[in-house]
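What follows is the residue order along each chain.
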Amino acid sequence: MTKKLTAEFFGTFWLVMGGCGTAVLAGSYVGVLGIALAFGLTVLTMAYAIGHISGCHLNPAVTIGLWAGGKFDSKEIVSYISAQILGAIVAAAVLFAVMSGKVGSFASNGFGAASPGGYELLPALLMEIVMTFMFLFIILGATDEKAPKGFAPVAIGLGLTLIHLISIPVTNTSVNPARSISQALFAGGVAIEQLWLFVVAPIAGAVLAGMLYKWLKR
């Protein structure tokens, strides 16, 4: 279990460093496509690096969604989520130090005035539920025992890239409570006030996907 949690810690650290790091340090150079690719590449690379150790969840919503789909033991949920959130926070702290505290929005998620495209609460809520639902659906399908072997990380990484391309303008894309928590802690203000949505919506979408996939497999 210690090895699994260590893998989840470093995997989530890499997701926030690679994805959010690209957004806050290189976003003006690479644009939305570059940021989307960065998030996808973090998951793809870690899936190959630690997938055989911990399953490479890197995301509380993924852990809960896999549980809902009958693919994960409920006794390990709290430990996995704790490791993921801690890894995300440490990565955000490194980015905060690199930026010398000049964080701005710090790639935090938001709606209304905090949305890149000015999208309000309901569109943001719907987007996060649907995008996380699809992310979990991809994960469950790509990792199924009947799926082609060795290609799951590619499908999952590209899936996350596509999700970011769709939803960055709406919410800055969460689909991951750990990623949202870590950035909001350093951005403060409205990012903290709106954080509830980026915890509740991804988990709701993940649970729905898990339940549907479990039904499809019966």
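Everything that follows concerns the structure shown earlier in this document.
Residues numbered from 1 in each chain as written. Predicted model: local features only at pLDDT ≥ 70, side-chain atom pairs only at ≥ 80, totals over all residues. Heavy atoms only, no water.

Participant: What's the story with the pattern of salt bridges in this structure? I'm lost.
Facilitator: Opposite charge on two side chains permits pairing when their charged atoms draw close. According to the stated counting rule, one finds four salt bridges in the structure shown. E145 is paired through a salt bridge with K71; the nearest N and O atoms lie 3.8 Å apart. Linking E145 in the loop between α4 (121–142) and α5 (152–171) with K71 in the loop between α2 (60–68) and α3 (77–98), this pair joins segments that are 74 residues apart in sequence. A cluster of three or more residues bridged by salt bridges with shared partners is formed by K71, D144, E145 and K217. (Salt bridge = Lys/Arg side-chain N within 4 Å of Asp/Glu carboxyl O. Helix = DSSP H or I, 4+ residues; strand = E, 2+ residues; numbered from the N terminus.)

Participant: In this structure, what is going on with the packing of α2 against helix α8 (residues 197–217)? I would like to understand it.
Facilitator: Axes are the key here: two packed helices are described by the angle between their axes and the distance separating the axes. Contact geometry of α2 with α8 gives a least axis separation of 7 Å together with a crossing angle of 25°. Judged on the interaxial angle alone, α8 and α2 are roughly parallel. α2 and α8 meet at a crossing whose hand is right-handed. Of the residues in α8, those touching α2 at A61, I64, G65 and A68 are P202, I203, A206, V207, G210, M211 and K214. Taken together, the residues of the contact of α2 with α8 break down into eight nonpolar, two polar and one charged. (Axes fitted to C-alpha atoms, helices over the stretch in contact; angles between N-to-C directions. Parallel < 35°, antiparallel > 145°, perpendicular 65-115°, else oblique. Left-handed = near helix turned anticlockwise from the far one by under 90°. Contact = heavy atoms within 4.5 Å. Nonpolar A, V, L, I, M, F, W, Y, C, P; charged D, E, K, R; others polar.)

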